[in-house]
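A look at the structure
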Amino acid sequence: MSEEEQGFVIRDKRGRSEPEASTPPPPEPSMAQPHSSAESSHAPHPPLSFSSFVFSLGTSSLMLMGESLDPQQPAPPMNLPQAKEIVDILSLLEEKTKGNLTSEEASVLGDMLYTLRMKYVSVTSGKGSTVSP
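This write-up is about the structure you can find in this document. (Residues numbered from 1 in each chain as written. Predicted model: local features only at pLDDT ≥ 70, side-chain atom pairs only at ≥ 80, totals over all residues. Heavy atoms only, no water.)

Our next topic: the overall build of the protein. Secondary structure assignment for the protein yields 6 helices and 0 strands. Counted from the first residue to the last, the protein has its helices and strands arranged as α-α-α-α-α-α. Taking all 133 residues of the protein together, 20% fall into the buried category. Pairs at least 24 apart in sequence give 52% of the contacts found in the protein among residues at least 6 apart. Summing over all exposed atoms, the protein offers an accessible surface of approximately 10300 Å²; the carbon and sulfur share of this is 58%. (Helix = DSSP H or I, 4+ residues; strand = E, 2+ residues; numbered from the N terminus. Buried < 20%, exposed > 50% of the residue type's maximum accessible area, 1.4 Å probe, protein only. Contact = heavy atoms within 4.5 Å. Areas by Shrake-Rupley, 256 points an atom, 1.4 Å probe, with all protein chains shown as cover.)

Structure (structure tokens):
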């Protein structure tokens, strides 16, 4: 019975003097770490661009429509309202940035919107669950 009654215990230590005593040492290392960790965390990543931002949003929308990035993994759960919201955001970006994008950026945005819209129509009409981007 005592094993069944035992569970986990949550102890809120906020507002106690113990955390205040332990907080002064961490700021010193964290002040030194942002420079070294920021350099190491940014080194392997490609530079952020408008096209990579569009690609990131598009990939998120595809995943919300049930597309899997890894064919060996099961398809993620679908959330069509959220996927549509991302498509709407990209449509708004297309409208608001018209004339301000390079031809490559406009092409990436247009192609992504076309792919997402076709996938959304396919998923909502029930004609298929997998459409290659």
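Before going further, it helps to examine the packing of helix α4 (residues 50–64) against helix α6 (residues 103–125). As a packed pair, α4 and α6 sit with axes 9 Å apart at the nearest point and diverge in direction by 5 degrees. With respect to their mutual orientation, α4 and α6 come out roughly parallel. Taking contact as the criterion, the partners of F50, S51, V54, F55, G58, S61 and L62 in α4 are, on α6, E104, E105, V108, L109, M112, L116 and K119. Tallied by class, residues from the contact of α4 with α6 come to 8 nonpolar, 3 polar and 3 charged. (Axes fitted to C-alpha atoms, helices over the stretch in contact; angles between N-to-C directions. Parallel < 35°, antiparallel > 145°, perpendicular 65-115°, else oblique. Nonpolar A, V, L, I, M, F, W, Y, C, P; charged D, E, K, R; others polar.)

Position of T97 among the secondary structure elements: in the loop between α5 (80–96) and α6. Judged by relative accessible area, T97 falls into the buried class, the value being 15%. Separated by 2.5 Å, the side chain of T97 and the backbone oxygen of L93 make a polar contact. (Polar contact = N/O pair within 3.5 Å; in protein donor to acceptor, adjacent residues only side chain to side chain.)

The subject of this paragraph is α4. Along its 15 residues, α4 runs 21 Å from first to last C-alpha, staying within 8% of the 21 Å computed at 1.5 Å per residue. For α4, the full list of buried residues reads F50, S51, V54, L57, G58, T59, S61, L62 and L64. Against α5 and α6 lie the buried residues of α4. Residue G66 follows α4 closely and has a positive phi angle near 95 degrees. (Expected span 1.5 Å × (residues − 1).)

Keep in mind these values describe shape, not function.
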